[in-house]
Amino acid sequence: MKPDVSPEVSVVMAAYNDAAYLVQAMDSLLGQRFRDFEVIVFDDASTDATWEILSRYAQQDGRVRAIQNAANMGLTASLNQGFALAQGKYIARMDADDVSLTHRLGTQVAYMNAHPTVAACGSWVKTIGNPSGHVWRHPTQADEVRYSLLFRSVLVHPTVVIRRSVMEQLGMAYNPAYVYAQDYALWAELAQQFPLVNLPQVLLQYRCHARQRGQAHQADQQAVADQVRRQQLAHLEIAFTASEFECHRQVGTHSVPATVASVEAAEAWLLRLSRYCQDRDPAATEAIRRVFGREWFGVCDRTASLGRWVWYRFRASPLSQGAEIPLINRLKFALKCLR
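These numbers were taken from a predicted model, which means no experiment stands behind them.

(A) A look at the packing of helix α13 (residues 308–316) against helix α14 (residues 327–338). Orientation of α13 relative to α14, taken along the N-to-C sense of each, is 145 degrees, at an axis distance of 7 Å. In contact with Arg308, Val310, Trp311 and Phe314 of α13, α14 contributes Arg330, Phe333, Ala334, Cys337 and Leu338. A per-class count over the contact of α13 with α14 returns seven nonpolar, no polar and two charged.

Below, the structure is given as structure tokens:
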């Protein structure tokens, strides 16, 4: 029987043919040290054993509410339906192929309770599957998250805990027009009005495999991401040319060609955008310098085949002054340039 009192957290998940990973994902949720939560999980018209697995969990644990879609609705529609059904103070995301560490929900709830102005928090992740063992250390501070979002999503979707009152206040949900990158669009919109952060610790194991939505539909996902990038630049009210947006897209997708002209164009755009953001938001100057410094380092590091020229170009640029790059990464970059 479901409890009469609303839980503190509603975990929303959608599964589609995820039987191979679903037991591990569900066990990681139901094994949380923090116990005051419900799980709203959709079987999006799977053709494997997904529904049988979810039905068993729902019968065994009253916190689990399993819903079977009559037809495949897609992730966006399923998650929006889950948001509408959620009763918790917080909505936590989780994917059916990932693994939450046992202290994940308790850690995030404690942080959100202590920081009432924060609308959502994610965390670092460690990859499992192929490749495995990589830790994704996304920016943690709100200003850095906000300006990093100009380039790409820096909140890993299944790690995020969202304050439900903020979503209701803004009348927000995932944009139904976006089948892919719907999370990036939501974070970009939220960050314009509220702080978003990442906790600087691994709270989830993120599974990498060929069937992932992002892996299987990269072109479609990037098309939506480009729309989100354009919308954010428009919100900043900065004018930009087609070639400048192409530079922005290349920086955001880590695809700047290894040519002198491309690196010079990327530097010019990053300098212009960085200075514009600092003039517009002087209180965030240091965070902006760090974000754009890291982006500039990434451009140069990925074009290190240009040799000594790109090493000197990186060091000479004003952008490098804000780049808080670990010494080991700088040394690796220098060695690549000297080969």
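(B) Structural detail: helix α1 (residues 19–30). Helix length check: α1, at twelve residues, gives a terminal C-alpha distance of 17 Å against a target of 16 Å (1.5 Å per residue), a fit within 8%. Of all the residues in α1, the buried ones are Leu22, Ala25, Met26, Ser28, Leu29 and Leu30. Residues of α1 that are buried make contact with β1 (9–15), β2 (37–43), α2 (50–60), β3 (64–68) and β5 (99–100).

(C) Quick peek at the packing of helix α11 (residues 260–280) against helix α12 (residues 285–302). Between α11 and α12, the shortest axis-to-axis distance is 10 Å and the interhelical angle comes to 170 degrees. In this view, α11 runs roughly antiparallel relative to α12, as classed from their interaxial angle. Contact residues: Val263, Ala266, Glu267, Leu270, Leu273, Ser274, Cys277 and Gln278 in α11; Thr285, Ile288, Arg289, Phe292, Glu295, Trp296 and Val299 in α12. Its residues assigned to classes, the contact of α11 with α12 comprises nine nonpolar, three polar and three charged.

(D) The arrangement of the packing of aromatic side chains in detail. Applying the stated criterion across every chain yields a total of eight aromatic pairs. Where Phe297 meets Phe333, the ring centres are 5.4 Å apart and the plane angle is 75 degrees; that geometry is what we call edge-to-face. In this pair, Phe297 is assigned in helix α12 and Phe333 in helix α14, connecting sequence segments 36 residues apart. Relative accessible area serves as the criterion here: at 8%, Phe297 is assigned to the buried category. Between Trp311 and Phe333 the ring centres are 5.5 Å apart and the planes differ by 55 degrees, which places this aromatic pair in the tilted class. Taken together, the positions of Trp311 in helix α13 and Phe333 in helix α14 put the pair 22 residues apart, joining distant regions of the chain.

About the thresholds
Counting restarts for each chain, with residues numbered from 1 along the sequence as it is written. Per-residue local features are limited, in this predicted model, to residues with pLDDT of at least 70; the limit for side-chain atom pairs, both in listing and counting, is 80 or more; totals at the level of whole chains, interfaces and linings are taken over all residues. With hydrogens and water excluded, all non-hydrogen atoms of the structure serve as input to the side-chain values. For helices, the axis comes from a line fit to the C-alpha atoms of the stretch in contact; other axes are also lines fit to C-alpha atoms, and the angle between any two N-to-C directions lies between 0 and 180 degrees. Working definition: helices are DSSP H or I runs of at least four residues, strands are E runs of at least two. Numbering for both runs from the N terminus. Whether two residues are in contact is decided by their heavy atoms: any pair within 4.5 Å suffices. For this scheme, ten residues count as nonpolar: Ala, Val, Leu, Ile, Met, Phe, Trp, Tyr, Cys and Pro. Four count as charged, namely Asp, Glu, Lys and Arg, and the remainder, Gly too, count as polar. Multiply 1.5 Å by the residue count of a helix minus one, and that product is the helix's expected span. Any residue under 20% of the maximum accessible area for its type is buried, any over 50% is exposed, and the rest in between are partly exposed; the area is computed with a 1.4 Å probe on protein chains only. Note on angle classes: values under 35 degrees are labelled roughly parallel, values over 145 roughly antiparallel, values of 65 to 115 roughly perpendicular, and the remainder oblique. In this analysis, rings of Phe, Tyr and Trp, with Trp reduced to its six-membered ring, are considered paired at centre separations within 6.5 Å, and the interplanar angle assigns stacked below 30 degrees, edge-to-face beyond 60, and tilted for intermediate values.

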